[in-house]
Every structure is written in C-alpha cells, then in structure tokens.
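Residue-level listing of the chains:
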Amino acid sequence: MSGEIQPVRGMNDVLPAEIGAWQHFEAVTRALLTAYGYEEIRVPLLERTELFKRAIGEHTDVVGKEMYTFTDRGGDSLTLRPEATAGIVRALISNRMLRGARHKLWCSGPMFRHEAPQAGRYRQFWQVDVEAVGCPGPDVDAELIALSARLWQRLGIGGLTLEINSLGTPESRRAYRARLIEYFERHESRLDADSRRRLAGNPLRILDSKNPDMQELIAGAPLLTEHLDAESREHFEALGRMLDAVGVLYKINPRLVRGLDYYNRTVFEWVTTSTGAQNAVCSGGRYDGLIAQLGGEATPAVGFAMGVERLVALLTAAGGTPAAAVPDVYVVVSGERAAAEALAIVERLRSEAPRLRFELNAGGGNFKAQFRRADKSGAALALIIGDDELARGVVAMKPLRVESGQSECPIGALAAGVEAALAGLGSG
Ligand code: ATP
Ligand code: MG
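Residues numbered from 1 in each chain as written. Chains lettered and ligands numbered in written order. Predicted model: local features only at pLDDT ≥ 70, side-chain atom pairs only at ≥ 80, totals over all residues. Heavy atoms only, no water.

**Topic: the overall build of the protein chain**
Step number 1: The helix and strand tally for the protein chain stands at 15 helices and 16 strands.
Step number 2: Over its C-alpha trace the protein chain gives a radius of gyration of 28 Å, far above what one expects of a compact globule, namely 22 Å for 428 residues.
Step number 3: Across its three principal axes, the protein chain shows a C-alpha extent of roughly 95 × 60 × 45 Å.
Step number 4: Buried residues in the protein chain amount to 50% of all 428 residues. (Helix = DSSP H or I, 4+ residues; strand = E, 2+ residues; numbered from the N terminus. Rg over C-alpha atoms; globule rule 2.2 N^0.38 Å. Buried < 20%, exposed > 50% of the residue type's maximum accessible area, 1.4 Å probe, protein only.)

**Regarding helix α9 (residues 230-246)**
Step number 1: In this model α9 runs 25 Å from its N-terminal to its C-terminal C-alpha over 17 residues, within 8% of the 24 Å that 1.5 Å per residue would give.
Step number 2: Residues Ser232, His235, Phe236, Ala238, Leu239, Gly240 and Leu243 constitute the buried set of α9.
Step number 3: Contact partners of the buried residues in α9: α5 (139-155), β7 (160-166), β8 (251-252), β9 (264-272) and β10 (280-286). (Expected span 1.5 Å × (residues − 1). Contact = heavy atoms within 4.5 Å.)

**What about the site of ligand 1?**
Step number 1: In the vicinity of ligand 1 lie 16 residues, with Arg113, Glu115, Arg258, Ala280 and Ser283 positioned nearest.
Step number 2: Arg113 has a polar side-chain atom sitting 2.7 Å from an oxygen atom of ligand 1.
Step number 3: A distance of 2.8 Å separates an oxygen atom of ligand 1 from a polar backbone atom of Ala280.
Step number 4: Computed on the free molecule, ligand 1 has an accessible area of 580 Å², of which 92% lies beneath the protein chains in the complex.
Step number 5: Elements represented by at least two residues in the shell around ligand 1 include exactly β6 (124-133), β10 and β11 (301-307).
Step number 6: When residues in the shell around ligand 1 are grouped by element, the largest group, four residues, is from β10. (Near = heavy atom within 4 Å. Polar contact = N/O pair within 3.5 Å; in protein donor to acceptor, adjacent residues only side chain to side chain. Areas by Shrake-Rupley, 256 points an atom, 1.4 Å probe, with all protein chains shown as cover.)

**What to know about the domain arrangement of the protein chain**
Step number 1: When the domains of the protein chain are assigned, the result is domain 1 (16-168 + 228-317) and domain 2 (329-423).
Step number 2: Between the C-alpha centres of domain 1 and domain 2 the distance comes to 49 Å. (Domains from an automatic or database assignment.)

**Some thoughts on the nonpolar core**
Step number 1: Formed by 49 residues in total, the largest nonpolar core has its most connected members in Ile88, Phe184 and Leu207.
Step number 2: Counting only elements with at least two residues in this core, the list comes to α2 (49-56), α3 (61-66), α4 (85-94), β5 (103-112), β6, α6 (170-186), α8 (215-219) and α10 (290-293).
Step number 3: Ranked by residues supplied to this core, first place goes to α4 with six residues.
Step number 4: Apart from the residues within four sequence positions on either side, Phe184 is in contact with Leu191, Leu199, Pro203, Ile206, Leu207, Leu217 and Ala221.
Step number 5: In this structure, Leu33, Ala132, Val281 and Leu315 belong to the second largest nonpolar core, which totals 42 residues. (Core = buried A, V, L, I, M, F, W, Y, C linked by side-chain atoms within 4.5 Å.)

**Some details on unusual backbone geometry**
Step number 1: In this chain, Gly137 is followed by Pro138 through a cis amide linkage whose omega measures 10 degrees.
Step number 2: Looking at the element boundaries, Pro138 is found in the loop between β6 and α5.
Step number 3: Positive phi values are uncommon outside glycine, yet Arg96 reaches one of about 55 degrees.
Step number 4: Tracing the sequence through the fold places Arg96 in the loop between α4 and β5.

**Here's the deal with the sheet that holds β5**
Step number 1: Spatial strand order, β1-β5-β6-β11-β10-β9-β7-β8: eight strands in an open sheet with mixed pairing. Two strands in the sheet have a free side with no partner beyond their single neighbour: β1 (39-40) and β8.
Step number 2: Across two bridges, β1 lies against β5 in parallel orientation. Counted as the bridge partner of Glu40 is Trp106 from β5.
Step number 3: Here α4 sits on the sheet in contact with β5 and β6, set at roughly 45 degrees to β6. (Pairing = 2+ DSSP bridges. Axes fitted to C-alpha atoms, helices over the stretch in contact; angles between N-to-C directions.)

**Quick notes on the environment of Thr299**
Step number 1: Structurally, the position occupied by Thr299 is in the loop between α10 and β11.
Step number 2: Placed 197 residues apart in sequence, Thr299 and Arg102 show a C-alpha to C-alpha distance of 9.2 Å.
Step number 3: Beyond its immediate sequence surroundings of up to four residues, Thr299 is in contact with Leu98, Val133, Gly134, Asp288 and Ile291.
Step number 4: At a separation of 2.6 Å, a polar atom in the side chain of Thr299 contacts the main-chain carbonyl oxygen of Glu297.

**Considering the pairing of strand β14 (residues 381-386)**
Step number 1: For β14, a buried count of six out of six residues is recorded, marking the element as mostly surrounded by other parts of the structure.
Step number 2: Where burial is concerned, the two faces of β14 agree: the one with Leu381, Leu383 and Ile385 and the one with Ala382, Ile384 and Gly386 are both buried.
Step number 3: Pairing between strand β12 (residues 329-334) and β14: six bridges, direction parallel. Looking at β14, one finds that Val329 is bridged to Leu381.
Step number 4: Sheet analysis places β14 next to strand β15 (residues 394-399), joined by four bridges and oriented antiparallel. Following the sheet pairing, Ala382 is matched in β15 by Lys398.

**Side note on helix α15 (residues 414-424)**
Step number 1: The complete set of buried residues in α15 reads Leu414, Ala415, Gly417, Val418 and Leu422. For α15, the angular spread of buried residues about the axis comes to 165 degrees, placing them on one side. Opposite the packed face of α15, turned more than 90 degrees from it, sit the exposed residues Ala420, Ala423 and Gly424.
Step number 2: Those residues of α15 that are buried are in contact with β12, α12 (336-352), β13 (358-360), β14, β15 and β16 (407-410).
Step number 3: Backbone geometry just downstream of α15 places Gly426 in the positive-phi region, at approximately 70 degrees. (Arc of directions from axis to C-beta.)

This is the structure in structure tokens:
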C-alpha cells in the first residue's frame, strides 16, 4: 500500500501559524490560575472505562455514544478520557489526598469524544479544567465564576454571557425528574427520537435539546427551580448575591442542565453570542456527591472546563493574538572556514546574550539567497560570518530594515556589539 495517510476525522493539527494564539491563551490562563492559588495536576489520557461510566453516568450522551473505548493487550477495558474531572477525582482518591484536605487544581490537555465533527466540535479537543475540592460553597462557586470572568477580560474576549442554575440535591432532582417524565409522557407524540430515547434514562437531558421543533414543548415543561429544597435555594441565592457584589452579570436559566450526571446545586455556562452553532465556551458546576460515588471519602467540590479551540477562535477573531515571534539577528555564513566556525560563534552569542533570538542560516545557499532569507525572517540585523572577516578577527553587521551600510565588530566583543547595534535600531 502507498499513498497519503489521512488524519483521523475530527482531530486537528495546531500549526505554527496558530500556535501564537494557543500559547498566549495558555500563558494568560496559567498566570491567572496561579494568582488565584490553583496548582497544576496532570492525569493520564487513559483510564479504566468503569471510571467514566460511574462518574459521568450511563445515560449521558458522552458515555452512551461518544467514548473511545477499547480492550488493551492485557484484556482491560480502557477509555480515552472524554473529560478531566473523573480522572482528577480518581487521582485524589488513588493518592490518598482527601481526608478533609482542600485542593485547588487545574489541568490542561486533550479530551476525546466521538461526536459529529463541525466547526467548534471535534473528536479530539482541548480543555482547561479547574477544580476546587473540599469546600461546600457558595463562596467558592462565586470565586470560580469571578476567576473565569477575569480571564475573559485579560484575554480581551467580549460578548460572553453567563447563565446559571441550581440542580438542587439528588432528592429534589428525583422529585423533579418524576414530574418531568409525567409532563413529557403526556406529550409523547411531540417528542423527537432523541428525546424519546432520553425520556426513560435521563429526562433532564431533553431540556438540553437543540432541536428547534422541541423548543415550544420544552418551554412549557415544569421548572426545576420550583422544586428546589430550602438549602439549595439559599445556596443559589447567596451565589447570586456574591456575583452581584463583584459585578459579574448573569442570567438565571432554569432550563440549564449539564451533559454529565454528577452535578448538583450550582451549574453554569458561559456562552458566546457570536454566530456559530457551538456557543458554550466554558461549563461547570458543583459535584458534591461524585467523590463518594467513586469510593473516596465524601467531599464537596466544584469546577468547570473551558473549550480551548472555541476560546482560541474568539481570541483570534478579537485580534488578541500576539504577533508571531521573529528573530532579532539572522546569521549569514560565507566561506569554508566560516561554515566550520559559525555554529560555535553563534552558540557563544546565545550564551552571552540569552534574551536575543538568533537564526543561523541553514541549508547553505549563496550570499544573495541567504540575504533573501534574512529579509524574509523579519530580523532587524544580519551578521555576516565570512572567511575574509574571520581572517581579520571580525564579523560584519548589516541592518536589514533600514538603509544603512555594513559595519564590523571584533569577535571578542560580538555580543556587546550586537546588543548595541540592535539598541541603535530600536529593537532587541
Ligand atoms: P456542548 O453542549 O457544546 O456539547 P458539553 O456540555 O458537552 O458542550 P462539557 O462536557 O461541559 O461540554 O465541556 C466543557 C467545554 O468543553 C464546553 O463548554 C465546550 O466549550 C468544550 N467542548 C465540549 N465538547 C467539545 C467538542 N466536541 N469539541 C470542542 N469543544 C468541546
Ligand atoms: Mg456535548
């Protein structure tokens, strides 16, 4: 067999032309999370399938039809992680890190879901995941949301709307679930196939349907907010007051349910109003029951995950991407002795002027070709290491962006000479 090997559908390469936006997003995010006291944790891409089934829930879309599951050579059923929370909770339990302790954690990396690929929806996509473990809230819920709001501000991403809701306790949700089933069963003929399938297993998910024909029916459904227990109501109202106090605007969306089963009380989602079908850029909520459900000691927790591709797209559209980095100095090499010595000279420069970026000509080429590359590189200054110059113990320098003649600098004082020349050109 020969021919081109195709990429896996829904799995993207992030190319050098896009990487500036990614790195900017990552650097701003990391700095902000650190400032809020969050520590990075890295967990495996593969976990036992059982973990996700138990954490996310058998009746969710993710577990029901989106997981990449396979049997490994030892006969174990493993799954490529579709989200990070389950793995992080597993890590806290496996490493005996609970016992009443508090943890503020973040994790960044690719997730895998077998969905229908389209703009903003991929089969491998990146999330930055943020989790606060050990606090019942609502203060932590509010701080997490404030953190996310500050992140959009630092990234220069506007036009995001915050929606919040409370899912109450498992008990209040059970009561609500019964009322919901009753309502949708009464209108069963108006349900689409997807919703009919959800009715038995996970009726709350019907509220999440994106089918326009279902919206009228959904609008008439009973509201979970009306079934909240007193404590959850108080928790939700306190969250609202704290968000008011820090000036984070929100919309209460009583139909906001999340795609994973483990949430209780606070759930929230940041959605973009800019056009495009995939509007959720950050979603999360409280999961007080999950840790015990996975065999750890009962510990409340709250967290969220951001969709990095969707945020990078918004960042790029807003023009918030830094210009691609260009070298300060392009090194042109001419002659046999120069070719043999150039690398050592440039390596010494890299030691002595570690902040500067040097691009040493690669792949040979005559003088003219090398200068064409030097011009294209965007560097402010060219160094010319040539046999004639080396015989005299000097290296030639030539500004590339302004009309100006060549000068020479003794090899022994080259780093200082380059720095002075760049300073004179207003760069470096
Ligand atoms: P959606 O409603 O868009 O399917 P979700 O509710 O499944 O999102 P979560 O599981 O909460 O999303 O994941 C958190 C974030 O990850 C989402 O808000 C979104 O930005 C991003 N995300 C989820 N699935 C994908 C995907 N297939 N491709 C790209 N980003 C995704
Ligand atoms: Mg989804």
